[in-house]
Amino acid sequence: DTDVIKTADVYTGGFNAEYGGRISSVVDIKTRDGNKKRLAGKVAASTFGSKLLLEGPLFKQKENGSSGSFILSSKTSYLDRTSKSLYSYISDVGLPYSFLDIYGKASFTGSNGSKFNMFGFNYGDDVLYSSLVNYSWNSYGFGSNFILIPSGSSMLVEGNFAFSNYDTEQTNVGAKPKLSSINGFNSGLDFTYFLEGESQIKY
């Protein structure tokens, strides 16, 4: 969702060791934090779907600079219901596509610049072909990352953990459902030691 993406970098080759054993390409997407000052939102709708974005502070920013915020995004489709009347020239029975996407993130920032994020998502898609065959896809995941700046130290500590799961299902009339699933998790710690000048050691 472009409303929650901060940066999206694509590396087609020669990427750093921090991306592990990737051998093809890497898409590094970073999401933005929610509004830390006020509650805000956005609503959009069309003939086939709608979108809701809500963001704001979790608590009032303190005098020492610490703060907390959240951002929640949701998209859904009702094309399978509206297409019967709005797009009848394409199909008499309507278009069988629908989806529901939900993403949420909470961010906490300390007075010295340390930061902790938690996030989660659930994306679902369905195609229902007039009771003949049904397809569904669902992916969900959750995770966290942090930046720790120890007081009086020239070292920066970064960490992350994430889990994701992807399921597919095909249902045919008179046959058993066909299922497929894959999941995985990753975690890591990065240490950056700042030397004099602009030199640094990272491992």
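Now for a quick tour of the structure. As the structure is a prediction and not an experimental result, all values here were calculated from the model.

This part covers the packing of aromatic side chains. Evaluated as defined, the whole model comprises 7 aromatic pairs. Measuring from ring centre to ring centre gives 6.2 Å for Y129 and Y135, while their planes differ by 85 degrees; the resulting arrangement is edge-to-face. Judged by relative accessible area, which is 28%, Y135 ranks as partly exposed. Note on F161 and F185: the rings are 6.3 Å apart at their centroids and 35 degrees apart in plane angle, and the pair reads as tilted. Of this pair, F161 sits in strand β9 (residues 155-172) while F185 is found in strand β10 (residues 178-194), placing the two residues 24 residues apart along the sequence. Feature note: the residues Y129, Y135 and W137 constitute an aromatic cluster, connected by ring pairs.

This paragraph deals with the pattern of salt bridges. If you walk through the whole model with that rule in mind, you get 7 salt bridges. In this structure, the salt-bridge partner of D3 is K51, at a minimum N-O distance of 3.3 Å. Within this pair, whereas D3 is found in the segment before β1 (5-11), its partner K51 is found in strand β4 (residues 49-59), the two being separated by 48 residues in sequence. With its nearest N and O atoms 3.0 Å apart, the salt bridge here joins K30 to D28. For D28, a relative accessible area of 16% puts it in the buried group. Residues joined in a network through salt bridges with shared partners are D3, K42 and K51.

Calculation rules
Position labels on residues start from 1 in each chain and follow its written sequence. pLDDT decides what is reported in this predicted model: residues at 70 or higher carry local features, side-chain atom pairs at 80 or more are listed and counted, and totals for whole chains, interfaces and linings draw on all residues regardless. Side-chain calculation: all heavy atoms of the structure are included, whereas hydrogens and water are not. Classification of ring pairs rests on two measures: the distance between centres of Phe, Tyr or Trp rings, Trp counted by its six-membered ring, which must be within 6.5 Å, and the angle between planes, read as stacked under 30 degrees, edge-to-face over 60 and tilted in between. Under the scheme applied here, a residue whose accessible area is under 20% of the maximum for its type counts as buried, over 50% as exposed, and between as partly exposed, the area being computed with a 1.4 Å probe on protein chains only. Per the convention used, a helix needs a DSSP run of H or I reaching at least four residues, while a strand needs a run of E reaching at least two, with both numbered from the N terminus. Counted as salt bridges are all cases of a side-chain nitrogen of Lys or Arg within 4 Å of a carboxyl oxygen of Asp or Glu.

That is the geometry; function is a separate question.
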